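# Chains, contacts and geometry: an overview
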Amino acid sequence: MKFKQLDITGFKSFSEKTTFLIEDGLTGIVGPNGCGKSNIVESLRWCMGENSAKSMRGSGMEDVIFSGTSNRPSKNISEVVLKLDNQNKEGPAQYREFDEILVRRKIEKDKGSKYYINDKEVRAKDVQTLFADLSTGAHSPSLISQGKIGQLVTAKPIERKSILEEAAGISGIHARRQEAETRLNAAENNLKKADELKRQQQKQLDNLKKQAEEATRYKEISKEIKKIEAGMYYLKIREIEKDKKQIVEKLSELEDEISAVNIDFNHNNTLLEEENKKLAPLRDKKMESVASLQKLNLDITNLNEEESRVKTLQEKLEKSIRTLESDLEREKSISLDADLNEKRISKEKEDLFKTENELLEVETNSSKELKESKSQLENLQSKLDNLLDQI
Ligand code: ATP
């Protein structure tokens, strides 16, 4: 397999897409210091899966992204695509069907790196294994960067071993072996876990078997219970149907009774209506009688009041009569006294005729008193007559 083409975009000093065609024979890149020759080799190593920022001459992996110059803005993405020629089908078995293998690495600020082989996203390890199988890679001694030759001369035996392995084309197998061993250990652990799980599940199975036996027995007993219950329900339904029949019969009897009662009720209602019709004039009459009664009651009250008033008057009059009678008695006695006085005075007149002048005054007074008494007596008499008339 051969490297055919290298596309660099936004990587270090390459802001725009730059394509390097790697033709047959030796390819050399020449240029002044700082023009970016080492950046091309680094892009190659980066694309092969380099994960040490230090060996990329940076403090972080994002340092490989073009950081801008005085007249070019910085970029957010850096991408390197390496095209491999696989026409002679020497590549790893899974890519043997392809004539070309495109290995792509892309890094985006704050999002990290992504690897693709033939536009299918893969792990970094897959890319590293692919190049290990091809006896190359980011850390391959076939890529000699500045100052690396000195390092090779002073390398330890274990480091030299990796150079020999790569020269023998078995570095990929070695990497795979390590991976396979890790996988084997993981598989052994999984096997142990599976055994443990199997033991637990066996226990659960035994429990479940017991439960299943109990469940079967429960089902059989439940069936028996259901049969007995069904028999009981059947007998109960028969009883209920019997009761229902009786109730229906009773219900029809009651319905007959209700209809008879309804007929009576309607008849009575008609009678009631007729009676009500007859009752209407009687009601009017009753109202009239009640009105008359109220009027009579009022009259009686008035008469009672009149009677009590007359009684009071009568008592007053009787009292007046009694007063008048006593007055009359008194006046009669006065009149009697007057008569006696008159007699005495006449006798004295006779006796004292001689002293007529002296007695004339007495006589005149006496006759005056007599006249007044008489008039009073007449007045009293007439009053008494009037009162007697009133009574
Ligand atoms: P020399 O012959 O001296 O070894 P060189 O040709 O190999 O030089 P490089 O070391 O590949 O040159 O390139 C160095 C140049 O790359 C420097 O000018 C440096 O500014 C530039 N450079 C390195 N990293 C970035 C980056 N992230 N963004 C922009 N330019 C970068």
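What you see is a predicted model, and the numbers here were worked out from it, not measured in a lab.

Of the pairings in the sheet, the one linking strand β3 (residues 77-85) to strand β4 (residues 100-108) comprises nine bridges and is antiparallel in character. Considered in β4, the bridge of E79 is made with K106. For β4 and strand β5 (residues 112-117), the ladder comprises six bridges, and the chain directions are antiparallel. Looking at β5, one finds that R104 is bridged to Y116. The turn linking β4 back onto β5 is made up of three residues, and D110 within it adopts a positive phi angle of 65°.

Before going further, it helps to spend a moment on the site of the ligand. Around the ligand sit 16 residues in total, of which G34, K37, S38, N39 and R57 are the nearest. The side chain of K37 places a nitrogen or oxygen atom 2.9 Å from an oxygen atom of the ligand. Here I65 contributes a backbone N or O atom positioned 3.3 Å from a nitrogen atom of the ligand. When the ligand sits alone it has 650 Å² of accessible area, and the protein chains cover 69% of it. Split by residue class, the shell around the ligand holds four nonpolar, eight polar and four charged.

What follows deals with the packing of aromatic side chains. Using the criterion set out here, one finds three aromatic pairs in the structure. With 6.3 Å between their ring centres and 85° between their planes, F3 and F131 make a pair best called edge-to-face. Of this pair, F3 sits in strand β1 (residues 2-9) while F131 sits in helix α2 (residues 124-133); the two residues are 128 residues apart in sequence, bridging distant segments of the chain. A relative accessible area of 24% places F3 in the partly exposed class. Pairing F14 with F20 gives two aromatic rings, centres 6.0 Å apart and planes at 90°, and the pair type is edge-to-face. Classification of F14 as buried rests on a relative accessible area of 12%.

As a further point, take unusual backbone geometry. Backbone geometry at N118 places phi at a positive 50°, although glycine is not the residue there. Looking at the element boundaries, N118 is found in the loop between β5 and β6 (120-122). A positive phi angle, near 65°, is found at D119, a position not held by glycine. Summarising the element assignment, D119 is placed in the loop between β5 and β6.

Our next topic: the environment of K203. With respect to the element layout, K203 can be found in helix α5 (residues 171-351). Expressed as a C-alpha distance, the spacing of K203 and I263, which sit 60 residues apart in the sequence, is 83 Å.

Let us look at a negative patch on the surface. Together, E249, E253, E255, D256 and E257 give the surface a local cluster of negative charge. Counting through the fold element by element, E255 comes out in helix α5.

Conventions we followed
Residues numbered from 1 in each chain as written. Predicted model: local features only at pLDDT ≥ 70, side-chain atom pairs only at ≥ 80, totals over all residues. Heavy atoms only, no water. Pairing = 2+ DSSP bridges. Helix = DSSP H or I, 4+ residues; strand = E, 2+ residues; numbered from the N terminus. Near = heavy atom within 4 Å. Polar contact = N/O pair within 3.5 Å; in protein donor to acceptor, adjacent residues only side chain to side chain. Areas by Shrake-Rupley, 256 points an atom, 1.4 Å probe, with all protein chains shown as cover. Nonpolar A, V, L, I, M, F, W, Y, C, P; charged D, E, K, R; others polar. Phe/Tyr/Trp six-rings, centres within 6.5 Å; stacked < 30°, edge-to-face > 60°. Buried < 20%, exposed > 50% of the residue type's maximum accessible area, 1.4 Å probe, protein only. Patch = residues over 30% accessible without salt bridge, like charges linked within 9 Å, V, L, I, M, F, W, Y side chains within 5 Å. Salt bridge = Lys/Arg side-chain N within 4 Å of Asp/Glu carboxyl O. Lys, Arg positive; Asp, Glu negative; His and termini not counted. Charge placed at Lys NZ, Arg CZ, Asp CG, Glu CD.

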